[in-house]
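Here is what each chain is made of, one letter per residue.
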Amino acid sequence: MNVKIEKSWKEVLDNEFQKDYFQELTNFVRKEYQNKNVFPKPENIFRAFDLCPFSEVRVVILGQDPYHGPNQAHGLCFSVQSGIQNPPSLKNIFKEISSDLNINLSGSGDLSPWARQRVFLLNSTLTVLAGQAGSHQSKGWEEFSDAVIQKLSNKKKNLVFLLWGSYAGNKEHLIDSSKHLVLKAPHPSPLSAYRGFFGSKHFSKTNNYLKENNVTEIDWKL
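Let us look at the structure shown here. (Residues numbered from 1 in each chain as written. Predicted model: local features only at pLDDT ≥ 70, side-chain atom pairs only at ≥ 80, totals over all residues. Heavy atoms only, no water.)

1. Describing the overall build of the protein
For clarity, the cut-off: Secondary structure elements follow DSSP: runs of H or I no shorter than four residues count as helices, runs of E no shorter than two count as strands, and numbering proceeds from the N terminus. For a compact globule the rule gives 2.2 Å times the number of residues to the power 0.38, and the radius of gyration it is set against comes from C-alpha atoms. To sort residues, take the accessible area from a 1.4 Å probe on protein chains only and compare it with the maximum for the residue type: under 20% means buried, over 50% means exposed, and anything in between is partly exposed. What makes two residues a contact is simply this: any of their non-hydrogen atoms within 4.5 Å. For every accessible area listed, the method is Shrake-Rupley and the probe measures 1.4 Å; residues are considered covered only by the protein chains on display. Residues scored as positive are Lys and Arg, those scored as negative are Asp and Glu, and His as well as the terminal groups of each chain are ignored. Lysine's charge is taken at NZ, arginine's at CZ, aspartate's at CG and glutamate's at CD.
The number of helices and strands found in the protein is eight helices and six strands. The secondary structure elements of the protein, listed N-terminal to C-terminal, are α-α-β-α-β-α-α-β-β-α-β-α-β-α. For 222 residues, the compact-globule estimate of 2.2 N^0.38 gives 17 Å, and the C-alpha radius of gyration of the protein, at 17 Å, lies within 12% of that figure. With the principal axes as the frame, the protein shows a C-alpha extent of 45 × 35 × 25 Å. Taken over 222 residues, the protein has a buried fraction of 57%. Within the protein, residue pairs in contact and separated by at least 24 positions form 66% of the contacts whose partners lie at least 6 positions apart. Summed over its atoms, the accessible surface of the protein is roughly 10,400 Å², and 46% of this surface lies on carbon and sulfur atoms. The average position of the 27 basic charges and that of the 22 acidic charges among the side chains of the protein differ by 3 Å.

If you want it as structure tokens, here you go:
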């Protein structure tokens, strides 16, 4: 089937788009958008892919669900649209960056500048019903996003995978750690950030690894 997605991703994922589960997923999502309030907007479902071509990915951050509040989700994990109040987890991510790198971040929670620097901000599930966290889980998105992670692992080298929380951490088996750096920590949620996310120094570790492998470092300032 024809999926509107960035060219290099389309080439890598074309066989995935032809599978039965993806056709069933597409039919389900299309009906949901027709009859219900679903986030993000349809044109932003694959925004993480469109802003960060497969051919240029340097860092992968894995989230779980899109935000389910009004005007929050726009296709990038942990990111919210400009002008929207930053959710608690994102505030804690900014706190850790400030502590780790001694930089002050702007008030905006729009992480598009990271994506444009080839930080791939992938949610495991790419759509959600308004006000209903997890409502589109187990519909096929997880199979798709697992395939995405495996293709990144298999076809590229010297990527950094940031896996925060048990859900993301459970994806470690999809990644070849002999070719890539995998960094795990508790989730930045207020419920768990103090159990090891704060002080993890994942952002400086990411840049150190990229530099060691002659890859341009990420400017984490927004």
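2. Considerations on the sheet that holds strand E5 (residues 160-164)
Stated precisely, the cut-off is as follows: Note on pairing: two strands pair once DSSP finds at least 2 bridges between them. Lines fitted to C-alpha atoms define the axes, with helix axes restricted to the stretch in contact, and inter-axis angles between N-to-C directions lie between 0 and 180 degrees.
Here we have four strands laid out as an open sheet, ordered E3-E2-E5-E6, and parallel in their pairing. Only two strands of the sheet have a single neighbouring strand rather than two, namely strand E3 (119-123) and strand E6 (181-185). Between one strand and the next, the sheet's axes are offset by a mean angle of 20°, whatever the strand orientation. With five bridges joining them, strand E2 (residues 59-63) and E3 adopt parallel strand pairing. Note on E3: the bridge partner recorded for Val59 is Val119. Helix H6 (residues 141-155) contacts E2, E3 and E5 of the sheet and is inclined by roughly 155° relative to E3.

3. What about the pairing of E3?
The buried count for E3 comes to five of five residues, which makes it a mostly enclosed element. Going residue by residue along E3, you find Val119, Leu121 and Asn123 tucked away on one face and Phe120 and Leu122 tucked away on the opposite face as well.

4. Examining helix H2 (residues 20-35)
This is how it is decided: To estimate how far a helix should extend, the number of its residues minus one is multiplied by 1.5 Å. The arc in question is the one spanned by the directions pointing from the helix axis to the C-beta atoms.
End to end, H2 covers 23 Å across 16 residues, agreeing with the expected 22 Å (1.5 Å per residue, within 8%). Among the residues of H2, Tyr21, Phe22, Leu25, Thr26, Val29, Glu32 and Tyr33 are the ones counted as buried. One side of H2 holds all its buried residues, which, seen down the axis, span an arc of 135°. Pointing more than 90 degrees away from the buried face of H2 are the exposed residues Asp20, Glu24, Lys31, Gln34 and Asn35.

5. Brief notes about the packing of helix H1 (residues 7-17) against H6
Here is the rule we go by: Orientation labels follow simple angle bins: below 35 degrees gives roughly parallel, above 145 gives roughly antiparallel, 65 to 115 gives roughly perpendicular, and whatever is left gives oblique. Working rule for handedness: look at the near helix, and if it is turned counterclockwise from the far one by less than a right angle, call the crossing left-handed; if clockwise, right-handed. Amino acid classes used here: Ala, Val, Leu, Ile, Met, Phe, Trp, Tyr, Cys and Pro are nonpolar; Asp, Glu, Lys and Arg are charged; the rest, including Gly, are polar.
Packing of H1 against H6 leaves a shortest axis separation of 11 Å and a crossing angle of 130°. In terms of axis orientation, H1 runs oblique to H6. Like other packed secondary-structure pairs, H1 and H6 cross with a definite hand, here right-handed. Residues Trp9, Val12, Leu13, Asn15, Glu16 and Phe17 of H1 form the contact with H6, whose own contacting residues are Glu143, Phe144, Ala147, Val148, Lys151, Leu152 and Lys155. In terms of residue class, the contact of H1 with H6 is made up of eight nonpolar, one polar and four charged.

6. A closer look at unusual backbone geometry
Cis peptide bonds are those with omega within 30 degrees of zero, and the linkage from Phe39 to Pro40 qualifies with -10°. Of note, Asn71 is a non-glycine position whose phi angle comes to about 60°, a positive value. Looking at the element boundaries, Asn71 is found in the loop between E2 and helix H4 (88-101). Despite not being glycine, Arg118 shows a phi value in the positive range, around 75°. Examined against the element boundaries, Arg118 turns out to sit in the loop between helix H5 (112-116) and E3.

7. With respect to the packing of aromatic side chains
To keep things clear, this is the line we draw: Between 30 and 60 degrees the pair is tilted, below 30 it is stacked and above 60 it is edge-to-face, where a pair is any two Phe, Tyr or Trp rings, Trp via its six-membered ring, whose centres lie within 6.5 Å. In this analysis the charged atom, NZ for Lys or CZ for Arg, is taken to sit over a ring once it is within 6 Å of the ring centre and within 35 degrees of the ring normal.
All told, the structure shown has 21 aromatic pairs when counted by the stated rule. Residues Phe17 and Phe22 carry aromatic rings whose centres are separated by 5.0 Å and whose planes lie at 55° to one another, so their mutual orientation is tilted. Assigned by exposure class, Phe17 and Phe22 land together as buried. Ring centres of Phe49 and Phe144 lie 6.0 Å apart, and the angle between their planes is 40°; this geometry places the pair in the tilted category. Here Phe49, found in helix H3 (residues 47-51), pairs with Phe144, found in helix H6; they are 95 residues apart in sequence, far enough to count as distant. These aromatic residues form a ring-pair network of at least three members: Trp9, Phe17, Tyr21, Phe22, Phe46, Phe49, Phe54, Phe120, Trp141 and Phe144. Over the face of the ring belonging to Phe54 we find Lys156, whose NZ or CZ atom lies 5.3 Å from the ring centre.

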